[in-house]
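# Architecture at a glance
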Amino acid sequence: MQRPLAASLLTALPLPLPLPLTLALALALTLALTLTGCSGAAVPEARDVRAPTVPSGVTATAGSASTVHVMWSAATDDRAVTGYAVYREGRKIKDLPATTLMTDVVGLAPATLHRFTVRARDAAGNVSPSSATVTATTLRAAAEDRTPPTPPAALRAAPDGSRAVTLRWTASKDDTEVTAYDVYQADTRIHTVPGTATSAHVTGLRPGTAYAFTVRARDAAENSSPDSTPADLTTAPSPGAPANTAPTRLTATATKGEITVTWTPPDTGAPVTHHELHLDGRFATTVIWGTAPPPGRATYTFPVQDPPGTRYTVTLRAQLPDGTWGDFSAPRTVVVR
């Protein structure tokens, strides 16, 4: 393929040359050019020199005399964000994976103003500029307090599109002061707002998915209230996606040595004879009624041998008429007695 070029190079060489040397040189040039043009070797990938975008929406909320809760919105990158670094007073204090968008900074001095920034990084080591600086003042140290606040009341959830929700509740009471509210989803804290707030906006949800949210109040001594009553929400499906097929109105209660779950099977156009029960996200058992499932609400009780205080997150899904498994229910947390 490169023979004309090889010939032109040869004619430019000083003459005379011995014939064997001329032939050897011609063959070497031809082979080198042929391999270069026809080898099909992959072009090395361009070096990644572009840094991620600056993390936005950074907030800092004092939760006690010694802790501050820092949150932010995800950064973006031309390839992928691989992690975040949190800084206090300009000094890095935490490295976190890309999936983590919040952290608790502990061991702080009471009644002190602290400044925080966040930076994103990618796999090539590129680091974003620092986020806007946010501040939080830790609370004053108080006398020993072991009384938790009352649970938030009247929790309700309103969808905001298919990927977000706004939660609202009635304020808790405390013998000193409510300093923060923590939002939980499937027994995992996902958001925190100041104790003066009675609402929270939660993003990053998946379309067509059932969720259950609870809220706990917290005081300056880090006492947390019991969970609020759960608020269920099923986000809108993506355009063209089928309707959600999750069981609804799931409840889970514990008595000594056993747990009872009750739910409403989904309307699939046919009797639902099989349900899968999952504990903490892992398959536990299949509940089968044969050809005559109970009408209306369904109930199932199973034994547990875990020590009192063990927490479980319970979810269910139904087998659909085509034999596939439907969507998971909103989760419920239950404590072994």
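So, here is what we can say about the structure in this document. (Residues numbered from 1 in each chain as written. Predicted model: local features only at pLDDT ≥ 70, side-chain atom pairs only at ≥ 80, totals over all residues. Heavy atoms only, no water.)

## Looking at the sheet that holds strand β1 (residues 56-62)
Taken in spatial order, the three strands of this open sheet run β1-β2-β5, and their pairing is antiparallel. Each of the sheet's edge strands pairs with one partner strand only, and the pair in question is β1 and β5 (102-105). Taken over all neighbouring pairs, the strand axes of this sheet differ in orientation by 15° on average, direction set aside. Of the strand pairs in this sheet, strand β2 (residues 68-73) and β5 are connected by four bridges, and their pairing is antiparallel. Its bridge partner lying in β5, Val68 is registered against Val105. (Pairing = 2+ DSSP bridges. Helix = DSSP H or I, 4+ residues; strand = E, 2+ residues; numbered from the N terminus. Axes fitted to C-alpha atoms, helices over the stretch in contact; angles between N-to-C directions.)

## Brief notes about the environment of Asp306
Mapped onto the fold, Asp306 is located in the loop between β19 (298-303) and β20 (311-318). With 49 residues separating them in the primary sequence, Asp306 and Gly257 have C-alpha atoms 8.2 Å apart. Setting aside chain neighbours within four positions, we find Asp306 in contact with Tyr312 and Val336. Side-chain polar atoms of Asp306 contact the side chain of Tyr312, separated by 2.4 Å. (Contact = heavy atoms within 4.5 Å. Polar contact = N/O pair within 3.5 Å; in protein donor to acceptor, adjacent residues only side chain to side chain.)

## A word on the pairing of strand β21 (residues 332-335)
Residues Arg332 and Val334 point to one face of β21 and are all buried, whereas Thr333 and Val335, pointing to the other face, are not buried. With four bridges connecting them, β20 and β21 associate as antiparallel partners. Residue pairing in the sheet places Arg311 in a bridge with Val335 of β21. (Buried < 20%, exposed > 50% of the residue type's maximum accessible area, 1.4 Å probe, protein only.)

## Some thoughts on the pattern of salt bridges
Per the counting criterion, the structure on display carries 12 salt bridges. Residue Asp95 is joined to Lys92 by a salt bridge in which the shortest nitrogen-to-oxygen separation is 3.3 Å. Under the relative-accessibility criterion, Lys92 is labelled partly exposed at 43%. The partner of Glu276 in a salt bridge is Arg317, with the nearest N and O atoms 2.8 Å apart. With Glu276 in strand β17 (residues 274-279) and Arg317 in strand β20, the pair connects residues that are 41 residues apart, well separated along the chain. (Salt bridge = Lys/Arg side-chain N within 4 Å of Asp/Glu carboxyl O.)

## What to know about the sheet that holds β19
Think of a sheet as strands paired side by side through backbone hydrogen bonds, with each pair either parallel or antiparallel. Pairing within the open sheet is antiparallel, and its three strands lie in the order β15-β16-β19. Two strands close off the open sheet at either side, each with one partner strand: β15 (248-255) and β19. Direction aside, neighbouring strands of the sheet carry axes that sit 15° apart on average. Where strand β16 (residues 258-264) and β19 come together, six bridges link them in antiparallel fashion. Looking at the pairing, Thr262 lines up with Thr299 of β19.

## Re the packing of aromatic side chains
Across all of its chains, the model carries five aromatic pairs by this definition. On the basis of an interplanar angle of 55° and a centroid distance of 5.3 Å, the ring pair of Trp169 and Tyr181 is categorised as tilted. Here Trp169 is found in strand β9 (residues 165-170), whereas its partner Tyr181 is found in strand β10 (residues 178-185), with 12 residues between them in sequence. Seen in terms of ring centroids, Tyr300 and Phe302 are 6.0 Å apart; in terms of plane orientation they differ by 20°. Their pairing is stacked. Judged by its relative accessible area of 24%, Tyr300 falls in the partly exposed class. When its relative accessible area of 7% is taken as the criterion, Phe302 is described as buried. Against the face of Tyr184 rests Arg216, its NZ or CZ located 3.8 Å from the ring centre. (Phe/Tyr/Trp six-rings, centres within 6.5 Å; stacked < 30°, edge-to-face > 60°. Lys NZ or Arg CZ within 6 Å of the ring centre and 35° of its normal.)

## So, unusual backbone geometry
Notably, Ala186 is not glycine yet its phi reads approximately 55°, a positive angle. Following the sequence through the fold, Ala186 ends up in the loop between β10 and β11 (188-194). On the basis of relative accessible area, Ala186 is assigned to the partly exposed category, the value being 28%. One non-glycine residue, Glu222, lies in the positive phi region at around 70°. With respect to the element layout, Glu222 can be found in the loop between β13 (210-219) and β14 (231-234).

## Description of the side chain of Ser131
Within the secondary structure, Ser131 sits in the loop between β6 (113-122) and β7 (134-137). Residue Ser131 is classed as buried on the basis of its relative accessible area of 5%. Among the polar contacts listed, one links the side chain of Ser131 to the backbone nitrogen of Val118, at a separation of 2.9 Å. Discounting chain neighbours no more than four positions away, the residues touching Ser131 are Val54, Pro55, Val58, Thr117 and Val118.

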